[in-house]
Number of protein chains: 2
Amino acid sequence: MSQSDTVKRILDAAEVLFAQKGFAETSLRAITSKAGVNLAAVNYHFGSKEALVQAVFERYLTPFCQALSVKLKELESSGDVTLEKLLTMVSRLALGSHGDEPRRAMIFFRLSGQAYSQPQNHLRTWLRAHYGEVFRQVLAVLRASVPDVPPMELFWRVHFSLGAVIFTLSGMESLQTISKKDFNETVTASRITEHLLPFVAGGIRGGRA
Amino acid sequence: MSQSDTVKRILDAAEVLFAQKGFAETSLRAITSKAGVNLAAVNYHFGSKEALVQAVFERYLTPFCQALSVKLKELESSGDVTLEKLLTMVSRLALGSHGDEPRRAMIFFRLSGQAYSQPQNHLRTWLRAHYGEVFRQVLAVLRASVPDVPPMELFWRVHFSLGAVIFTLSGMESLQTISKKDFNETVTASRITEHLLPFVAGGIRGGRA
DNA sequence: TCGGCGGGTAAACAAACGTTTTAAACTTAC
DNA sequence: GTAAGTTTAAAACGTTTGTTTACCCGCCGA
């Protein structure tokens, strides 16, 4: 078994388990046994459990943010930037940039939800330090797309929207049950997004479509 | 030291630490040492750590839900139920029903955020079993207040709104830093609510105020 | 006065955790 | 072919965890 293979298998197992049970509740032994590698391999390749967590996010976010940055510049240079264009672009990227769509996207959202609701902010500060730049780029384009909304209002509405998105998508499975029972509708990430986009757009604009 | 005193001190310490560091990351030793009681007292009075977590929520939610149920009936019998009336009623209750306003409300929101983002759903199913009834009451009144919104749309929008509320309010402290720096505005729960209510109302109505 | 009983405590428990150490197996280069 | 370096394997390390045990104290009814 080559080196890169072991690293990849650890990351694959880790991201699934972290999304399923949380960071603190997932032991290295569970990860390595699911990955079919030795326990010591994690500390050998990553140094520590916390570094493994970061590596999981890194493998996810780095390509995503690069693609986002490119698409963002495309959109900006295209001339007319509307709120809807920006939102659909971001959501398409989040849902479809990874090959096997729904499974992977779901894991990504659950990880994000975990990262943000975790009280100790080691991970959040690390994320901000590494990926804050792209976030600011998106925010700048967003601001230009709704020039009527005052900056502070926009600041708040963005956070409300983020909450709606992450919270809903990371809790998708439990919603699955209710939705199936009450409305006989199967829930997928893209299905949710259809409902979510108008909600966010309306919220950002401030109740006036 | 009387019995109720020990139980109360454990609950007080536990709710603060749980909100600060999360359930899994808070040890019984940390709780008991903060509370100034013996380690074994937790298992003696509550049976297990999980039962303690439930007890913390129970002490919070039971009076809140009772008050909510009363106010809800008041509102219903008053005749004209508007969305805004319902939302301000709920938010006032959540913010002000506990004596020492901001500290306690913040802890409550952080605990809710933790409960909902926790992957294993022991806690969530327990909460639903115990307090789902009041939630359904609110939902019924809400539905009556916006008769134009189809049930399934409303279902989704409620969850989006819940996400916005819980996510934002449970991450208040980190927002504090940013808001202070960029806008020189101190963040309180009630201040957030001023921004949050129009956002939620707009979102529920579906972009049309 | 005695006996039991609920509340409280110190000490110990087994289990699980992240991490480190040891050595064996493999790859690579000369 | 052998030595150096890299990766895997198994075992043990020292902590920390939630929980349990055994004992002590003060009280109340008999």
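Quick notes on the rules
- Residues numbered from 1 in each chain as written.
- Chains lettered and ligands numbered in written order.
- Predicted model: local features only at pLDDT ≥ 70, side-chain atom pairs only at ≥ 80, totals over all residues.
- Heavy atoms only, no water.
- Contact = heavy atoms within 4.5 Å.
- Buried area = accessible area lost by both parts, 1.4 Å probe.
- Salt bridge = Lys/Arg side-chain N within 4 Å of Asp/Glu carboxyl O.
- Helix = DSSP H or I, 4+ residues; strand = E, 2+ residues; numbered from the N terminus.
- Nonpolar A, V, L, I, M, F, W, Y, C, P; charged D, E, K, R; others polar.
- Phe/Tyr/Trp six-rings, centres within 6.5 Å; stacked < 30°, edge-to-face > 60°.
- Buried < 20%, exposed > 50% of the residue type's maximum accessible area, 1.4 Å probe, protein only.
- Lys NZ or Arg CZ within 6 Å of the ring centre and 35° of its normal.
- Domains from an automatic or database assignment.
- Near = heavy atom within 4 Å.
- Polar contact = N/O pair within 3.5 Å; in protein donor to acceptor, adjacent residues only side chain to side chain.

### Focus: the interface of chain A and chain B
The partner chain B presents 47 residues to the 47 residues of chain A that form the contact. Across the chain A to chain B interface the summed buried area is about 4100 Å²; carbon plus sulfur atoms make up 73%. Broken down residue by residue, the surface that chain A buries against chain B is led by Phe160, Phe167 and Phe199 of chain A, which jointly contribute 19%. Taken together, the connections running from chain A to chain B amount to zero salt bridges. Those elements giving two or more residues to the side of chain A that touches chain B turn out to be α1 (3–21), α6 (101–117), α7 (122–145), α8 (151–170), α9 (172–183) and α10 (189–205) of chain A. Of the residues assigned to the side of chain A that touches chain B, the class counts are 22 nonpolar, 16 polar and nine charged.

### Here we look at the packing of aromatic side chains
This model, assessed by the stated rule, comprises 23 aromatic pairs over all chains. Centroid distance tyrosine 60 of chain A to phenylalanine 108 of chain A: 4.9 Å. Interplanar angle 35°. Geometry classified as tilted. With tyrosine 60 of chain A in helix α4 (residues 49–77) and phenylalanine 108 of chain A in helix α6, this residue pair connects regions lying 48 residues apart in the sequence. Tyrosine 60 of chain A gets classed as buried once you look at its relative accessible area, which sits at 1%. Judged by centre distance (5.4 Å) and plane angle (65°), the ring pair of phenylalanine 108 of chain B and phenylalanine 109 of chain B falls under edge-to-face. Site record: aromatic cluster; members linked through ring pairs are Phe155, Trp156, Phe160, Phe183 and Phe199 of chain A together with Phe155, Trp156, Phe160, Phe183 and Phe199 of chain B. Positioned above the aromatic ring of tyrosine 60 of chain A, the side-chain terminus of arginine 104 of chain A is 4.4 Å from the ring centre.

### A few points about the environment of leucine 111 of chain B
In this structure, leucine 111 of chain B sits in helix α6 (residues 101–117). In the structure, leucine 111 of chain B is positioned 26 residues away from lysine 85 of chain B in sequence and 26 Å away in space, judged by C-alpha atoms.

### A few points about the domain arrangement of chain A
Residue and element names in this part refer to chain A. The domain architecture assigned to chain A consists of domain 1 (1–47) and domain 2 (50–205). The distance between the C-alpha centroids of domain 1 and domain 2 comes to 26 Å. In this assembly, 16 residues from domain 1 lie in contact with 17 residues from domain 2. When the area that domain 1 buries against domain 2 is broken down by residue, the three leading residues are Glu15, Ala19 and Phe23, summing to 49%. Where domain 1 packs against domain 2, one counts three salt bridges. In this structure, the salt-bridge partner of arginine 104 is glutamate 15, at a minimum N-O distance of 2.8 Å.

### Here's the deal with the protein's contact with DNA strand C
The immediate surroundings of DNA strand C are formed by 18 residues, with Leu28, Arg29 and Lys49 of chain A together with Asn38 and Tyr44 of chain B found nearest. A share of 52% is what sugar and phosphate atoms reach among the atoms of DNA strand C within 4 Å of the protein. In this structure, a phosphate oxygen belonging to DNA strand C sits 3.4 Å away from a side-chain N or O atom of serine 27 of chain A. Between DNA strand C and the protein, one listed contact pairs a phosphate oxygen with a side-chain N or O atom of asparagine 38 of chain B at 3.1 Å. Listed by contribution, the elements that provide at least two residues to the surface near DNA strand C are α2 (28–35) and α3 (40–45) of chain A together with α1 (3–21) and α3 (40–45) of chain B. Per-element accounting of the surface near DNA strand C gives the leading share, three residues, to α3 of chain B. Each residue belonging to the surface near DNA strand C can be placed in one class, and the counts come to six nonpolar, nine polar and three charged.

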